[in-house]
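Below, each chain spelled out in residue letters.
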Amino acid sequence: MITRRCHRGTSLRYGFVLFLLGVTQSPILAAVPLPTGGQVDTVDFERHVMGLLTKAGCNMGSCHGSFQGRNGFRLSLFGYEPAMDYAALTRDNWGRRLNPQRPEDSLLLLKATGQIPHEGGVRFGKGSWMYQLFIEWIRQGARWTPGRGTVQRIDITPAPFALLESERGVQIRVTAHFIDGTQEDVTPFCDFRISDESVAQLSALGHLTPRQPGDAALTVLYRGQVQAIRVLVPAPRQAQPYPTIPEHNFIDREVFAKLRLLNIVPSELAPDAVFLRRVYIDTIGQLPTPEEVRAFLNDTDPNKREKLIDRLLTHPLHAALWATKLSDVTGNNTQALEIPVPLQPRRSQMWQDWLRKRIADNVPYDQIVRDILTATSRDGLSPQDWVAFAVKLDEQLAAGIQTDYPAKKTLDLFWRRQQPVPIEQWGEKVAAAFMGIRLECAQCHKHPTDRWTQEDYWAFANIFAGVTFQNNQFSHPEVKKLVDAINAERRAKAGQQNQAVILREMFVPDPIPANRLRPNPGTGRVPTPKALGGPVIPLQPGIDPRVRLAEWLTAPDNPYFARAMVNRVWAHYFGVGLVHPVDDFSQANPPTNPRLLDALAQEFIRSGFNLRHLEKLILMSRTYQLDSTVNETNKFDTNNYSRAYVRPLLAEQVVDILNCALGVTEPFAGPDAIFNGMRIVEVGSSRLNGNVAYVLRIFGRPPRTTACDCERASEPALPQTLFRMTDPSLLAKLNHPQGRVSQLARAQVGPEEIADELFLAALSRYPTAAEKAAAVEHLRTGRNRQQAIADILWALINTREFILNH
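Cut-offs used in this document
Residues numbered from 1 in each chain as written. Predicted model: local features only at pLDDT ≥ 70, side-chain atom pairs only at ≥ 80, totals over all residues. Heavy atoms only, no water. Helix = DSSP H or I, 4+ residues; strand = E, 2+ residues; numbered from the N terminus. Buried < 20%, exposed > 50% of the residue type's maximum accessible area, 1.4 Å probe, protein only. Contact = heavy atoms within 4.5 Å. Areas by Shrake-Rupley, 256 points an atom, 1.4 Å probe, with all protein chains shown as cover. Lys, Arg positive; Asp, Glu negative; His and termini not counted. Salt bridge = Lys/Arg side-chain N within 4 Å of Asp/Glu carboxyl O. Polar contact = N/O pair within 3.5 Å; in protein donor to acceptor, adjacent residues only side chain to side chain. Disulfide = S-S within 2.5 Å. Pairing = 2+ DSSP bridges. Axes fitted to C-alpha atoms, helices over the stretch in contact; angles between N-to-C directions. Phe/Tyr/Trp six-rings, centres within 6.5 Å; stacked < 30°, edge-to-face > 60°. Lys NZ or Arg CZ within 6 Å of the ring centre and 35° of its normal.

Asks: What is the right way to read the overall build of the protein from this model?
Replies: The number of helices and strands found in the protein is 29 helices and 14 strands. When the backbone C-alpha atoms are referred to their principal axes, the protein occupies close to 110 × 80 × 50 Å. A buried classification covers 55% of the 806 residues belonging to the protein. Across the protein, contacts joining residues at least 24 apart in sequence account for 68% of those joining residues at least 6 apart. Taken as a whole, the protein presents about 33,900 Å² of accessible surface, with 53% of it coming from carbon and sulfur.

Asks: For this particular structure, what's the right way to read helix α22 (residues 690-698)?
Replies: Since the α-helix advances by 3.6 residues per turn, residues separated by three or four positions end up pointing in the same direction. Among the residues of α22, Val692, Val695, Leu696 and Ile698 are the ones counted as buried. Of the surrounding secondary structure, the elements contacted by the buried residues of α22 are α21 (651-662) and α23 (718-726). Two residues or fewer past α22, Gly700 is found with a positive phi of approximately 100°.

Asks: Just to check I follow, could you spell out the side chain of Glu428 for this structure?
Replies: Within the element layout of this structure, Glu428 appears in helix α14 (residues 423-435). As a buried residue without a salt bridge, Glu428 has its nearest oppositely charged side chain in Lys429, at a separation of 7.5 Å. In this structure the side chain of Glu428 is engaged in a polar contact, spanning 2.5 Å, whose partner is the side chain of Tyr457. With sequence-adjacent residues up to four places away left out, Glu428 is seen in contact with Glu440, Gln443, Tyr457 and Ala707.

Asks: Quick question: what am I supposed to make of the state of the cysteines here?
Replies: Every disulfide links exactly two cysteines, by a covalent bond between their sulfur atoms. Within this structure, the stated rule accounts for one disulfide. Here Cys708 is linked by a disulfide to Cys710, with a sulfur-sulfur distance of 2.2 Å. Of note, the bridge from Cys708 to Cys710 carries an S-S torsion of about 135° and is right-handed in sense. You can call Cys708 buried: its relative accessible area is 18%.

Asks: I'm lost on the sheet that holds strand β3 (residues 151-157) in this one. Help?
Replies: What links the strands of a sheet is backbone hydrogen bonding, and the strands pair in either a parallel or an antiparallel sense. The three strands are arranged β3-β6-β7 in an open sheet whose pairing can be described as antiparallel. Of all strands in the sheet, those with a lone pairing partner are β3 and β7 (183-185), marking the two edges. Between one strand axis and the next, the sheet turns by 20° as a mean value, whatever way the strands run. Note that β3 and strand β6 (residues 173-178) share six bridges and pair antiparallel. Among the inter-strand pairings, Asp155 is bridged to a residue of β6, identified as Thr175.

Asks: Got a minute to help me understand the packing of aromatic side chains in this structure?
Replies: By convention here, two paired aromatic rings are described through the distance between centres and the angle between planes. The full count for this structure, using the stated rule, is 27 aromatic pairs. Relative to Trp144, the ring of Tyr86 lies with its centre 5.2 Å away and its plane at 45°, an arrangement referred to as tilted. Separated by 58 residues along the polypeptide, Tyr86 in helix α3 (residues 82-90) and Trp144 in the loop between α5 (129-139) and β3 bring together distant segments of the chain. The exposure class of Tyr86 is buried, given its relative accessible area of 12%. Aromatic side chains Phe414 and Trp426 sit 5.7 Å apart centroid to centroid with 35° between the ring planes, which places their arrangement in the tilted category. Residue Phe414 is located in the loop between α13 (383-399) and α14, and its partner Trp426 is located in helix α14; the two are separated by 12 residues in the primary sequence. An identical accessibility class is assigned to Phe414 and Trp426; each is buried. Pairwise contacts between aromatic rings join Trp351, Phe414, Trp415, Trp426, Phe434, Phe460 and Phe464 into one cluster. Its guanidinium or amino end placed over the ring of Phe296, Lys304 lies 4.6 Å from that ring's centre, counting from NZ or CZ.

Asks: Hey, could you run me through the pairing of strand β11 (residues 214-222) in this one?
Replies: A regular strand places its side chains so that they alternate between the two faces of the sheet. By the criterion of burial, β11 is predominantly enclosed, with nine of the nine residues buried. Of the two faces of β11, the one lined by Gly214, Ala216, Leu218, Val220 and Tyr222 and the one lined by Asp215, Ala217, Thr219 and Leu221 are each fully buried. Sheet topology places strand β8 (residues 191-194) next to β11; four bridges connect them, and they run antiparallel. Along β11, the bridge assignment pairs Phe192 with Val220. Taken together, the nine bridges between β11 and strand β12 (residues 225-233) define a ladder with antiparallel strand orientation. Along β12, the bridge assignment pairs Tyr222 with Gln225. With antiparallel pairing between neighbouring strands as the criterion, β11 and β12 make up a hairpin whose turn holds two residues, including Arg223 at a positive phi of roughly 45°.

Asks: Help me understand the pairing of strand β10 (residues 207-210) in this model?
Replies: On β10, burial follows the alternation: Leu208 and Pro210 on one face are buried, whereas His207 and Thr209 on the facing-out side are not. Where strand β5 (residues 170-171) meets β10, two bridges bridge the pair, whose relative direction is antiparallel. Within β10, the position partnered with Gln171 by the bridge is His207. As defined by bridge partners, strand β9 (residues 200-202) adjoins β10 across three bridges and the pair is classed as antiparallel. In the sheet register, Leu202 faces β10, and the bridge partner there is Leu208.

Asks: Just to check I follow, could you spell out the side chain of His572 for this structure?
Replies: As for its placement among the helices and strands, His572 is situated in helix α18 (residues 561-574). Taking relative accessible area as the criterion, His572 reaches 8% and is therefore assigned buried. Residues within four places of His572 in sequence aside, it is in contact with Asp282, Leu321, Trp322, Lys325 and Arg647.

Asks: Got a minute to help me understand the environment of Arg356 in this structure?
Replies: Turning to its location among the elements, Arg356 is positioned in helix α11 (residues 344-360). The exposure class of Arg356 is buried, given its relative accessible area of 19%. Distance in space between the C-alpha atoms of Arg356 and Gly120 is 54 Å, their sequence separation being 236 residues. With sequence-adjacent residues up to four places away left out, Arg356 is seen in contact with Pro316, Leu317, Ala319, Ala320, Ala323 and Glu682.

Asks: Looking at this model, I keep getting lost on the sheet that holds β9. Mind explaining?
Replies: Strands sit in the order β5-β10-β9 across an open sheet of three strands; the sheet is antiparallel. Looking at strand neighbours, the two that pair on one side only are β5 and β9, the edges of this open sheet.

Here you go:
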């Protein structure tokens, strides 16, 4: 016989016994009214309690990736494992967290309402609807019917965007569809997040109130389900009718349609001088010369912008600029490449030159990616032919940076690292580079804001289990025999082991040993290799699973591949991606203009993944050619492309345009002397020496150590300003004997011509009347002609107009 006692601990133990016996008190069912309307009659653990635990604050016991609460209280991240969470609440710690006899004395509620102090703080008030729902669940026997609350999907109303046209705002409604065929309004149980609080105020219950015109993403999370919509706050309607804006192509149609919805009028077209400077920096990373500026401004051909775009897209430095960007994307990290150390920058240059040749030849993007993903050292060559080719490459590397590597079919350098790379890192790199997906969060648990599970993560990683690049491992006995002889001779000549240039092979063995597959740590089972959101790719004799992955990834119907690349290209030319950051396609990060993203992706596919065609479409659009000057309607716009956004330059562009303005080339010395005569956008090495390394670092050039696009910094910083003002190496360039200042000082030209030349060289425009008058006055009154010219050019390169792209 069980006797009841008033002692609280005994009462809790009594309640725990009732749980074990399946006995509940006869509850008096009471409906719990919800703050968004409606009520809950029978409280369900999965549908309601787990939703509240998540909403009330990181499941009460864990916070955003921290699985262990205080005193052993452990709940799953975002409620993904209800069985474990139910046990933690009702069974663990002898059932002390719930008190069925006196629900209001349950430890869970006493702590959450702050009646007992704890580190988590107050999560909800006593008497609140959350409190009443917990009380009612405990009073009803703290029941759980496993599976009844399994969610198939959630729907958001309104969709695909919420238009906030009045001060009353909009109430978001979320409907959950459960596996048993029922559906329920779960709005109060959802977690709501908005990407930009300056656009709209968001209540905990999903009510949106407009703050200022703009566009933000609203993300809704409910027990593992993630959906997002855009929140649009239109600008006030103007007295005059919305103007008719000329459209150059479908890009303008989609951009201007959304602007019309937002009552935003785009800026005017950029003047020729502004367009000229912008398109030069964006396409080749350089400034136009004064002669080129004059010629373009004097050209009366109505098609001169299109002709200029065509010329720049085939310029040798255009391929170099995109090779630099793709080196970031593919991880051309000099420090991680094969030793000896002096050869690492030269290997990086081979990588860059391989990419540059393909951009210059306009090789279809899908072919470029296939030749990266499926790369091997031999590329099907016989052992003898491959060894001969590899020996020749090493000889060329020893002599300099001009090699035959760009003619190699595949980029095996992508897979060749001095230290072994875990297969899960290969999965993360490939997902980020070619799918625009950040997969890291799924390594230890389900991704909190996307669809990817821990099983997805390790199944994808196992596709790369066969990647092999180790000493003394080769694809064929004959290769090993030939290479062993060469390496033995090289070691004998080098004397020191780490100075020998060891010949190694990157290959995938056939068959791939099963013990290379990694288990899912969460289950202990080894998942079959599987593409992210795609087919299973089981290990089969004679088939490299990377080939199957590449076939699926580059297929026209792949949902990620084309969208990821057009988004990267768009972000390069506008400073902000349609999905931003560009490698963060996820359920919680919807595109700002999904119709435009889809249209660009479809056109890219239709063109045969033609990068040059895609770029010309963007550059020829009126959207790209808009001015950066704001008007009353678009002054708050940051992601709808109603004007050209003023944006920072890439670090490589900074060095190159400074050299353009100063009329000098970059002086490389020591081991970097092999790069003399090259622009920075042509240099593949991520490890340079001397002052240029410092400049590239403070302006954000990435070391390329991770798969994240965030590694390239773009924020302004004080060292950047101080560099342009006081750096000795920059001041030396300013007064270089063959530089622009010295040449103008020696030239037989007057102050007016000098002023024009300096402005054209630095800002790609003529000076205004006031600017010219000030410059001419300084030139005439200065004691030293060369110093006066240097003063003006120094002042120009220290303006925001010079250091920003606009």
